[in-house]
Amino acid sequence: MRDKRLKILSKSEINELYDLPTFSHQEQQSYFHLNEKEFQLMDSRGSLTSKVYFILQLGYFKATSQFFDFRLSDVKSDMQFVLQHHFNGKKLSSDSISKDTRLSHKTLIAQLLSFETDKLIVKTKMEKLLETKSRLSNNPVYLFHELLCYCSEHKLLLLGYTTIQELIGQAIQCEEMRLEELLLKHLSHQDWRLIDQLLKNNNQDVFSALKRDPKSFQKKHIKAEIKKIVDYETLYHVAQKVLPKLDITPQNISYYSSLAEHYPIRDLGRLSATKQAIYILCYVHHRHQKVNDNLTISFAYYVDKFGADALDNAQKTIFDEKCEVNDDTQNAALVFRFFDDEKISDKESFGSIRTRARKYVKKGNFNKVADYLMGLLFDFRQTKWDEIAKLKHKITANLRPIFKVLEFSGDDNQKHLLSAITFLKKYFFCQDKERKNLVKNIPIQFIPHPLRNFIISDDEIIDIAKYEFMLYQQIVEQIETGHIYLQNSLSFKSFSSYLISDEKWKNKLEILKELGNKKLLMPIDQLLNDFENSLESLILGVNERIKSGDNKDIKIKKKKIKEKINKKKMISRSPFPTRHQWIRKIIRFLNNFHR
């Protein structure tokens, strides 16, 4: 019969978790150490075998929160350590103890460590926790890990693997049934038809187009990402409308999306209609936002690239112009000599002088030399923005298509930038005739005042190419600072979108209790003190291991410290003032007196 239980852990992981632990020498020292109360309880056991068995069972339980049935011959290394450490190397006369003695040991250990070992009570508590945790994420590995942490924190006996498998499976089924009931309530007939239409495709993988991330920032790959946004936009809006009504977390959306990604269409078709719909909507929602992330990263990449290209081009342009002007300046210096040249008659016409001067400097270059001498040439920032204007075709081809599909939003203090974004999108989508009227009210408040001269000419004409790139730069800067964000994304959302509503937060104590984490309910001072004490003990342990030589990776070289007497330092540190110090004090006194 086929095993229908969830496969949560691998075989090696199960063995590591549930098999008898294998301790290192340091772990033996830690887990088999007995405090005063533990020693008294151990000493009350009857025979030597019973005492050794008790110590071993106690150590294994501290390490795993589980009880084991074993023979002492199965754990020879640990048994010998216990005999040597606690009983001066005595030898055992027997290898095993009775069943009643084992049960007695387990009861005493549970009471000693304040552990709940009633399996029915533990199971009930686990079910209650899973009911809450499955609403956060239905990933079996996540749920298993949460159960382990919960058992450790609340001192619960760890149940068997198959029992936990069944509990997690039941919790997952209950959560899926809850989602299916809500889905039937909120999906319209038109929405169902849209999902059915997608499933009727004969592709082996219905999501093959959506699931491939771009291989590079090449234009063809960016176009493919934009096509995904357009092709699946309608279905994404359905997911956006329906999923919030299911009260489903982003973690569960991501988890169901990962399941759908690996389903061939023939296997997806075997699921119930409601489960198909959940998987499809979660997948489209998750991948749509991932595509938006890819486009946003590509957008930032091209803004940085074109900005760097313009910077390099500006440096090259200014270097070439400086070389040319330097040559002309040297030649122009020869022309200045004309004014002191006695051989040139005062009656000679200016035209002839100019003709002679052009042998040294080309026509039109005198003004450039004059501007250079007056410090009016080589405005690097202006040159950079002129170079940006020359990149207009690249900006239009690579950046503009991404800008047109991304939906930006922002903080209240970004209203000028958001207004410019709205304007530019409207400008791109309207006809050429409408653009002339639209430009009359072009928003410029977002442009920093020192940069406006590079975008707006003296006669108040705005260079649209420069304006466009300026806007793109401002968008990227504000995305990086978190003031501009994209709600339809995974990584660039606003911080507030990750928070629960104020209405729900009114019941914060109940919410925190449901999460089952005691530390969330602790006062912050107590929590920080606990962290400090834990850290301090760890630091002391590390130092002790280094000092004792147990840590083989760190070696301390002991050097002899030679004390040398520095006479100069001794003099400077002397408590008695020197002659120079007395003089300084007298001068300060006189200065203060005359003030």
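Fair warning: this is a prediction, and the values are worked out from it, not measured in the lab.

### With respect to the overall build of the chain
Logical step 1: Along the backbone of the chain there are 30 helices and 2 strands.
Logical step 2: The buried share among the 595 residues of the chain stands at 37%.
Logical step 3: Taking contacts inside the chain between residues at least 6 apart in sequence as the whole, the part at least 24 apart equals 73%.
Logical step 4: Here the chain has roughly 38,700 Å² of accessible surface; of this, 52% comes from carbon and sulfur atoms.

### Side note on the environment of Leu92
Logical step 1: Looking at the secondary structure, you find Leu92 in the loop between helix 5 (76-87) and helix 6 (99-112).
Logical step 2: Judged by relative accessible area, which is 23%, Leu92 ranks as partly exposed.
Logical step 3: The sequence separation of Leu92 and Leu72 amounts to 20 residues, and the corresponding C-alpha distance is 9.7 Å.
Logical step 4: Residue contacts for Leu92: discarding those within four places in its chain leaves Leu48, Thr49, Val52, Leu72, Met79 and Leu83.

### With respect to the packing of helix 7 (residues 119-136) against helix 8 (residues 140-153)
Logical step 1: Closest axis-to-axis distance for the helix 7/helix 8 pair is 10 Å, and the angle between their directions is 135°. Looking at the two axes, helix 7 sits oblique to helix 8. For the element pair helix 7 and helix 8, the recorded crossing hand is right-handed. Two secondary-structure elements touch here, helix 7 through Lys125, Met126, Leu129, Leu130, Lys133, Ser134 and Leu136 and helix 8 through Tyr142, Leu143, Glu146, Leu147, Tyr150 and Cys151.
Logical step 2: A per-class count over the contact of helix 7 with helix 8 returns 9 nonpolar, 1 polar and 3 charged.

### Side note on the side chain of Asn488
Logical step 1: Locating Asn488 in the fold gives a position in the loop between strand 2 (484-485) and helix 26 (502-505).
Logical step 2: A polar contact of 3.2 Å, which involves the side chain of Asn488, links it to the side chain of Glu407.
Logical step 3: Residues in contact with Asn488, not counting those within four places in the same chain, are Tyr236, Gln240, His288, Gln289, Asn292 and Glu407.

### A look at the pattern of salt bridges
Side-chain pairing between opposite charges can occur once the charged atoms of the two side chains come close.
Logical step 1: Enumeration over the complete set of coordinates arrives at 17 salt bridges.
Logical step 2: Residue Asp309 is joined to Lys305 by a salt bridge in which the shortest nitrogen-to-oxygen separation is 3.1 Å. Here Lys305 and Asp309 lie together in helix 16 (residues 273-336), a separation of 4 residues that amounts to about one turn.
Logical step 3: The partner of Lys506 in a salt bridge is Glu503, and the shortest N-O contact between them spans 3.3 Å.
Logical step 4: Lys506 gets classed as exposed once you look at its relative accessible area, which sits at 61%.
Logical step 5: Salt bridges sharing common partners tie together Arg135, Glu175, Arg178 and Asp247.

### Things to note about the packing of aromatic side chains
Logical step 1: Using the criterion set out here, one finds 27 aromatic pairs in the structure.
Logical step 2: Arranged with centres 6.4 Å apart and planes meeting at 70°, the rings of Trp385 and Phe469 form a pair that is edge-to-face. Remark: Phe469 occurs in helix 25 (residues 464-481) and Trp385 occurs in helix 19 (residues 380-390); sequence separation between them is 84 residues.
Logical step 3: Take Trp385: its relative accessible area is 2%, and that puts it in the buried class.
Logical step 4: Taken together, the ring pairs connect Phe299, Phe403, Phe408, Phe423, Tyr427, Phe428, Phe446, Tyr467 and Tyr472 into an aromatic cluster.
Logical step 5: Note that Lys404 overlies the ring of Phe429, its terminal NZ or CZ placed 5.0 Å from the centroid.
Logical step 6: The side chain of Arg435 reaches across the aromatic face of Tyr427, ending 4.6 Å from its centre.

### Considering helix 7
Logical step 1: For helix 7, built from 18 residues, the straight-helix expectation of 26 Å at 1.5 Å per residue is met to within 8% by its first-to-last C-alpha distance of 25 Å.
Logical step 2: Along helix 7, the helix axis deviates most sharply at Leu130, where the bend reaches about 25°.
Logical step 3: Among all positions of helix 7, only Val122, Met126, Leu129, Leu130, Thr132, Lys133 and Ser134 are buried.

### Side note on the nonpolar core
Logical step 1: Core analysis: the biggest nonpolar cluster contains 47 residues, and Phe299, Phe403 and Tyr467 have the highest contact counts within it.
Logical step 2: Those elements that place two or more of their residues in this core are helix 12 (219-231), helix 16, helix 19, helix 21 (400-405), helix 22 (415-429), helix 24 (452-455) and helix 25.
Logical step 3: If one sorts the elements of this core by residue count, helix 25 sits on top with 9 residues.
Logical step 4: Beyond its immediate sequence surroundings of up to four residues, Tyr467 is in contact with Ala420, Phe423, Leu424, Ile442, Pro443, Ile444, Phe446, Ile447, Ile455 and Ile462.
Logical step 5: Within the second largest apolar cluster, 30 residues are counted, among which are Leu182, Trp192, Ile248 and Leu268.

### Describing the side chain of Asp293
Logical step 1: With respect to the secondary-structure elements, Asp293 resides in helix 16.
Logical step 2: Buried Asp293, no salt bridge; nearest opposite-charge side chain is Lys290, N-O distance 6.0 Å.
Logical step 3: The contact partners of Asp293, leaving out residues within four places of it in the chain, are Ser489, Leu490, Ser491 and Phe492.

### Focus on a nonpolar patch on the surface
Logical step 1: Taken together, the side chains of Leu509, Leu520 and Leu521 make up a nonpolar region of the molecular surface, amounting to roughly 270 Å² of accessible area.
Logical step 2: Residue placement: Leu509 occurs in helix 27 (residues 508-514).

### Some details on unusual backbone geometry
Logical step 1: A positive phi angle, near 60°, is found at Ser65, a position not held by glycine.
Logical step 2: Mapped onto the fold, Ser65 is located in the loop between helix 4 (48-64) and helix 5.

### Things to note about the confidence of the model for the chain
Fine structural detail should not be taken from predicted coordinates in areas where pLDDT scores are low.
Logical step 1: Put simply, the chain has an average pLDDT of 83, and 83% of its residues get 70 or more.
Logical step 2: Considering only residues more than four positions removed or in separate chains, one finds that residues 563-580, a stretch of pLDDT under 50, has 3 contacts.

What counts, and where the lines are drawn
Residues numbered from 1 in each chain as written. Predicted model: local features only at pLDDT ≥ 70, side-chain atom pairs only at ≥ 80, totals over all residues. Heavy atoms only, no water. Helix = DSSP H or I, 4+ residues; strand = E, 2+ residues; numbered from the N terminus. Buried < 20%, exposed > 50% of the residue type's maximum accessible area, 1.4 Å probe, protein only. Contact = heavy atoms within 4.5 Å. Areas by Shrake-Rupley, 256 points an atom, 1.4 Å probe, with all protein chains shown as cover. Axes fitted to C-alpha atoms, helices over the stretch in contact; angles between N-to-C directions. Parallel < 35°, antiparallel > 145°, perpendicular 65-115°, else oblique. Left-handed = near helix turned anticlockwise from the far one by under 90°. Nonpolar A, V, L, I, M, F, W, Y, C, P; charged D, E, K, R; others polar. Polar contact = N/O pair within 3.5 Å; in protein donor to acceptor, adjacent residues only side chain to side chain. Salt bridge = Lys/Arg side-chain N within 4 Å of Asp/Glu carboxyl O. Phe/Tyr/Trp six-rings, centres within 6.5 Å; stacked < 30°, edge-to-face > 60°. Lys NZ or Arg CZ within 6 Å of the ring centre and 35° of its normal. Expected span 1.5 Å × (residues − 1). Bend = angle between axes of the 7 residues up to and from the residue. Core = buried A, V, L, I, M, F, W, Y, C linked by side-chain atoms within 4.5 Å. Lys, Arg positive; Asp, Glu negative; His and termini not counted. Patch = residues over 30% accessible without salt bridge, like charges linked within 9 Å, V, L, I, M, F, W, Y side chains within 5 Å. pLDDT = per-residue confidence, 0-100.

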